[in-house]
Amino acid sequence: MEKARPLWANPLQFVFACISYAVGLGNVWRFPYLCQMYGGGSFLVPYVMMLMVEGMPLLYLELAVGQRMRQGSIGAWRTISPYLGGVGLASVVVSFFLSTYYNIINAWAFWYLFHSFQDPLPWSVCPLNDNHTGYDEECEKASSTQYFWYRKTLNISPSIQDSGHVQWEPALCLILAWLVVYLCILRGTESTGKVVYFTALLPYCVLLIYLVRGLTLHGATNGLAYMFTPKGWFSSPVPCLALQLEQLANPKAWINAATQIFFSLGLGFGSLIAFASYNEPSNDCQKHAIIVSLINSSTSVFASIVTFSIYGFKATFNYESCLNKVILLLTNSFDLEDGFLTASNLEQVKGYLESTFPDKYSEVLPQMKNCSLQSELATAVQGTGLSFIVYTEAIKNMEVSQLWSVLYFFMLLMLGIGSMLGNTAAILTPLTDNKVISSHLPKEAISGLVCLVNCVIGLVFTMEAGNYWFDIFNDYAATLSLLLIVLVETIAVCYVYGLRRFEGDLKAMTGRTLNWYWKAMWAGVSPLLIISLFVFYLSDYILTGTLQYQAWDASQGQLVTKDYPPYALAVIGLLVASSIMCIPLVALGTFIVRCLKRGDTPPVA
């Protein structure tokens, strides 16, 4: 007798699982960057529009497919058509790649969390050199936070060719991260359903605490003003409305808004299909799709307010520190009275000193830094640079910095682990649905093997060149593949399975008639939008020419641009092809097998 499919204990568990999966690190470290790059508050216009025409419809589509077919991604698409099993397999391959590199972020978060209990924080000051006669040269040329990230955490090599060896401290953190994930997924929905209450809710508690703290920091308003004011408003005579319209006319703003919605919701990975397959057939997946997408987007805006309040504090602190150094330099060089030179009269006094003592001023001039609040605010950072450099730079200057550091990296862990639950579900659900595998191995063993294989491969990212490989996986393992996967999904539902047939299935399941809006989005608007994104990214890769990466130059204390070597380009090609080629190869294999079976069928007498 076939075992009954496990179910979520209640609909709330399912919603929390989806929120925990969708609300991830991208909400914290990419959306604020996009707001900063594309006109501040005006970026919300394309973002909300893309949510309506792309995010919500495609999220609803995947949840409905999972709930209707009650299988993981491979089984669900094979049920729709035997030729579409490759779509589910492609999702599993992409999720496998994602799980392999994504958990190294949790390992880094563990590393920083453990170091957050030290006083002072280890990234707050530069270490002494070997002779104890001064500070480390690399740290002095960069900054204490950059030094701790690139040298102490990554121990990064000068290029991707210098692989180095596995570093035991990050490797242990990676093993710990995978052990935590394994314990969370050990018994499928039974254990995951309990964990998601924490991974979904605790980040909001920390963000709320950080919001209150951030808004009370000196300079927070500078960051918030920069976020919500169109780019160039401070220095441009062009009216605010014109600047907003200029940003809205920028096609890259719309493309990045669509991309952010697409990847933030986790479309195409198979995780949402896996989660929905454990629902009761009568579950209102339309309502849940709307709730999850709105919460996800609201979280992005909420996290941006928190991020820019902290960012404003950091920028203001650096700006005022720069001014104080200039004031001290001029006061000592020209024997000025203490307290005479202030930030308010600095430019006036500089003009006077330059005209009165031109020779002496020209000697001092090379030592004076050009202090600019706008330059500090305009430094656009995303990804690991925002989380492990910019945030730590701000945290080290806060009172009771250890507390804020512990809270921040605990929040990152909750976000990262929540996303990992979805990533691993996309792999495990098709495996446990497979009768051959599940009949020979218990669920705990399958979960353990998946975690073990991912962990062993993930050790590559703990090598000295590991961060360069992390960037390769992060940039190329999923983008084109997911766009193609979701495009085939929409075409499969609307034109292979049949939109009217699927509409009838939904009505039979939920008792709700499918609205014209969803049908229009699924059958026309969303596929056309995905095709546009696919063409843009494909042309962008072609026009870029030789792909490049950012390497750390210890002698300069900064990042430098280098070309990828041929073998790295080959790996990039394999990452993209290995998932995309699943779709046509499985379809071709199914066609050949069917032809052979048809040929073997004896003629009827």
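Procedures and definitions
Residues numbered from 1 in each chain as written. Predicted model: local features only at pLDDT ≥ 70, side-chain atom pairs only at ≥ 80, totals over all residues. Heavy atoms only, no water. Helix = DSSP H or I, 4+ residues; strand = E, 2+ residues; numbered from the N terminus. Rg over C-alpha atoms; globule rule 2.2 N^0.38 Å. Buried < 20%, exposed > 50% of the residue type's maximum accessible area, 1.4 Å probe, protein only. Contact = heavy atoms within 4.5 Å. Areas by Shrake-Rupley, 256 points an atom, 1.4 Å probe, with all protein chains shown as cover. 1 Å grid on protein atoms, 1.4 Å probe; cavity = no way out; pocket = protein on both sides within 12 Å on 5 of 7 lines; lining within 4 Å. Points joined across faces, edges and corners; volume = space filled by probe spheres on them. Nonpolar A, V, L, I, M, F, W, Y, C, P; charged D, E, K, R; others polar. Expected span 1.5 Å × (residues − 1). Arc of directions from axis to C-beta. Core = buried A, V, L, I, M, F, W, Y, C linked by side-chain atoms within 4.5 Å. UniProt positions renumbered as here; feature names shortened; annotations may be inferred. Polar contact = N/O pair within 3.5 Å; in protein donor to acceptor, adjacent residues only side chain to side chain.

Before going further, it helps to examine the overall build of the chain. When you go through the chain residue by residue, the secondary structure sums to 27 helices and two strands. The C-alpha atoms of the chain give a radius of gyration of 27 Å, which matches the 25 Å a tight globule of 605 residues would have. Its C-alpha atoms put the chain at 115 × 55 × 45 Å along the principal axes. Split into buried and exposed, the 605 residues of the chain put 55% on the buried side. Contacts spanning at least 24 positions in sequence make up 81% of the contacts within the chain whose residues lie at least 6 apart. As displayed, the chain offers around 26400 Å² of accessible surface, 64% of which is attributable to carbon and sulfur atoms.

Another aspect to go through is the layout of surface pockets. Using a probe with the size of a water molecule, rolled over the atoms, empty space left in the structure can be pinpointed. When its volume is computed, the second largest pocket comes out at roughly 1000 Å³. Around the second largest pocket sit 39 residues that line it, and R5, T429, T432, D433 and N434 are the ones nearest its centre. Elements represented by at least two residues in the lining of the second largest pocket include exactly α5 (73–80), α10 (189–215), α20 (401–433), α21 (435–440) and α22 (443–458). Residue contributions to the lining of the second largest pocket peak at ten residues, all from α20. Of the residues belonging to the lining of the second largest pocket, the class tally is 18 nonpolar, twelve polar and nine charged.

On to helix α26 (residues 566–580). The first and last C-alpha atoms of α26 sit 21 Å apart over 15 residues, in line with the 21 Å expected at 1.5 Å per residue. Every buried residue belonging to α26 is among A568, I572, L575, V576, S579 and I580, and all of these are buried. Summarising the axial view, the buried residues of α26 lie within an arc of 120 degrees, below the 170-degree limit, and thus occupy one face. For α26, the exposed residues lying more than 90 degrees away from the buried face are P566 and L574.

For the peptide bond that leads from D119 to P120, omega is 0 degrees, which places it in the cis range. For P120, the location among the structural elements is in the loop between α6 (85–115) and α7 (137–141). Not every positive phi belongs to a glycine, and N155 is a case in point at roughly 45 degrees. Looking at the secondary structure, you find N155 in the loop between α8 (144–153) and α9 (168–185).

This next bit is on the nonpolar core. Judged by nonpolar contacts, the single largest core of 183 residues is most densely connected at Y210 and W522. Broken down by element, the residue count for this core peaks at 18 residues, all from α6. Grouped together as the second largest cluster of nonpolar side chains are 16 residues, L336, L346, L353 and Y361 included.

A word on the UniProt feature "binding site: Na(+)" (unreviewed entry) in the chain. Sequence positions flagged by UniProt for "binding site: Na(+)" (unreviewed entry) are, in local numbering, A22, V23, N27, S264, N296, L415 and S419. In sequence the annotated residues extend across 398 residues, while in space they remain close, none of their C-alpha pairs exceeding 12.7 Å. Here N296 shows up in helix α15 (residues 285–333). Owing to a relative accessible area of 1%, N296 belongs among the buried residues under this scheme. In contact with N296, not counting residues within four places along its chain, are A22, V23, N27, S264 and L265. Considering the arrangement of structural elements, one finds S419 in helix α20. The exposure class assigned to S419 is buried, which follows from its relative accessible area of 5%. Among residues more than four places away in sequence, those in contact with S419 are S20, Y21, V23, G24 and Y102. At 3.4 Å, the side chain of S419 and the side chain of Y102 are in polar contact.

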